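Structural description and commentary
Each chain is listed here by its residues.
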Amino acid sequence: MTDKDKCIVEPFTPWQETTKGGVVTSSGNAHYYETGGWRADKPEWDTEKCRQCLMCFPVCPDSSILTEDKKMIGIDYDHCKGCGVCANVCPFHAINMVKA
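Being a predicted model, the structure only gives us computed values, none of them experimental.

The rules we used
- Residues numbered from 1 in each chain as written.
- Predicted model: local features only at pLDDT ≥ 70, side-chain atom pairs only at ≥ 80, totals over all residues.
- Heavy atoms only, no water.
- Salt bridge = Lys/Arg side-chain N within 4 Å of Asp/Glu carboxyl O.
- Helix = DSSP H or I, 4+ residues; strand = E, 2+ residues; numbered from the N terminus.
- Buried < 20%, exposed > 50% of the residue type's maximum accessible area, 1.4 Å probe, protein only.

The final tally for this structure, using the stated rule, is two salt bridges. When the shortest N-O distance is used, the salt bridge between K99 and D41 registers 3.3 Å. Here D41 lies in strand 1 (residues 41–45) and K99 lies in strand 4 (residues 95–99), a separation of 58 residues in the sequence. Between D62 and K81 there is a salt bridge whose closest N-O contact spans 2.8 Å. Taken together, the residues span a long stretch of sequence, with D62 in the loop between strand 1 and strand 2 (65–68) and K81 in the loop between strand 3 (71–75) and helix 2 (85–89) at a distance of 19 residues. We classify K81 as partly exposed; its relative accessible area is 29%.

Shown next as structure tokens:
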């Protein structure tokens, strides 16, 4: 059994084998699912305008702002759902939402 298996209720699982009320009993399984295809808009990062303030990083609900050595290095489009929160908080307008 992998860590992934502990977090997943497979399709067509009888209700008797699920948690009461469908409660999620563990976390940390989001990286197993590529949900980026759900979005209608996507963020585009303008490296010229970016000042590496990282205001976008803590507000991203999908942890899609990629960082390394305390600097933004890109956007994880496999998991970004295009909510636009990162673009809304960027004081330098370095992230713009465009049609996906």
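For P61, the location among the structural elements is in the loop between strand 1 and strand 2. Overall, P61 belongs to the exposed group, its relative accessible area being 57%. Along the primary structure P61 and H79 are separated by 18 residues, whereas in three dimensions their C-alpha atoms are 9.9 Å apart.

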